[in-house]
Amino acid sequence: MIQINLLPDEYRKAESTPIGRFLTIIIGAIVITCGLVTYGFVHYGKLKGIRDVRVEADAEYTNKRAHAEVSKSLQAEIAGYEARRKAIQEIVKNRILHSRKLDEFLDVIHNRGDRSAYYVWLNGLRVSGPRSSRRKKAVSGGGFAFDGFAAANESVALSRVTTFRRALRKDAFFKDFSGISMPTFKAIKWDDGLEPASAGRFSYSMTLRPLGWQHSTKRKK
């Protein structure tokens with residue numbers, strides 16, 4: 001049956017919203033509200049925390065990078081010092097410290113002031129430079145020659161000279177030498193009234209080992 005409402009609009013009874021539409025509106029409102037709440041939580045809560053972490057990470061990275069640059073600079077300085085140290089070692093390896101050798105040599109001559117074994121004094125000292133072969137291979141580190149007198153009477157003068165030679169060979173001074181010559185000897189007497197009145201005149205020549213021989217020996221071992 002068809003019903004027609006002929007009353008004017010202002011006197012008509014308001015129609016209620018269909019239940020389906022109402023539920024749809026309520027659910028939509030809830031979904032939108034949840035979305036807004038979730039967005040606010042993520043944007044103002046989680047995202048802010050992540051941004052803070054990123055700021056801290058950037059600051060730490062900048063700090064670590066600065067430390068890394070300092071470390072690289074220090075490493076470059078260390079490398080420079082290491083290169084200089086090696087250069088100094090090469091220089092030391094390829095030279096003879098004649099001042100040290102002379103000091104050791106004079107200690108043997110002086111013999112701590114003990115003249116019972118020998119009493120010698122020098123008349124001359126000659127040092128020559130190192131020698132190399134045609135292939136630039138070191139043959140020797142140079143020469144060390146000297147002559148002098150050993151105070152003693154004629155009968156024991158030669159014995160004092162050979163005793164002095166043995167003392168040279170046993171001393172640490174001799175480790176840089178490859179050999180020493182046999183002595184040339186001549187008995188000398190003076191009549192000038194001074195002491196000693198007699199002595200044995202001698203001369204020796206020694207050959208230095210090639211430069212850097214200590215390092216080559218270590219490598220062979």
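Residues numbered from 1 in each chain as written. Predicted model: local features only at pLDDT ≥ 70, side-chain atom pairs only at ≥ 80, totals over all residues. Heavy atoms only, no water.

Chemist: Help me out: how do you make sense of the packing of aromatic side chains in this one?
Modeler: Within a pair of aromatic rings, the relevant descriptors are the distance that separates the centres and the angle that separates the planes. Tallied over the entire structure, the rule returns 17 aromatic pairs. Taking 5.7 Å as the distance between ring centres and 45° as the angle between the ring planes, the aromatic pair formed by phenylalanine 146 and tyrosine 204 counts as tilted. Here tyrosine 204 lies in strand S7 (residues 198-208) and phenylalanine 146 lies in strand S4 (residues 142-151), a separation of 58 residues in the sequence. Each of the two residues, phenylalanine 146 as well as tyrosine 204, counts as buried. Here the aromatic residues Phe105, Tyr118, Phe144, Phe146, Phe164, Phe173, Phe174, Phe177, Phe202 and Tyr204 are joined through ring pairs into a cluster of three or more. Directly above the aromatic system of tyrosine 119 lies the positively charged group of arginine 115, at a separation of 3.9 Å from the ring centroid. (Phe/Tyr/Trp six-rings, centres within 6.5 Å; stacked < 30°, edge-to-face > 60°. Helix = DSSP H or I, 4+ residues; strand = E, 2+ residues; numbered from the N terminus. Buried < 20%, exposed > 50% of the residue type's maximum accessible area, 1.4 Å probe, protein only. Lys NZ or Arg CZ within 6 Å of the ring centre and 35° of its normal.)

Chemist: Would you take a moment to explain the nonpolar core for this structure?
Modeler: What tends to happen in soluble globular proteins is that the nonpolar side chains get buried as a cluster. Within the largest apolar cluster, 19 residues are counted, with the highest numbers of intra-cluster contacts made by Phe105, Phe146, Phe164, Leu168, Phe202 and Met206. Within the residue set of this core, elements represented by two or more residues are helix H2 (98-110), S4, helix H3 (157-170), strand S5 (177-180) and S7. For this core, the element with the most residues is S7, which contributes 4 residues. Discounting chain neighbours no more than four positions away, the residues touching phenylalanine 146 are Phe105, Leu122, Gly124, Leu125, Arg126, Phe164, Leu168, Phe202, Ser203, Tyr204 and Met206. (Core = buried A, V, L, I, M, F, W, Y, C linked by side-chain atoms within 4.5 Å. Contact = heavy atoms within 4.5 Å.)

Chemist: Even after reading the chapter, I still don't get H2, so can you show me in this structure?
Modeler: Side chains that are three or four residues apart share a direction in an α-helix, a result of its 3.6 residues per turn. Between its first and last C-alpha atoms H2 spans 18 Å; for 13 residues at 1.5 Å apiece the expected length is 18 Å, and the two agree. Packing partners of the buried residues in H2 comprise strand S1 (120-128), S4, H3 and S5. A positive phi of about 55° marks asparagine 111, the residue just after H2. (Expected span 1.5 Å × (residues − 1).)

By themselves, these figures tell us nothing about what the structure is for.
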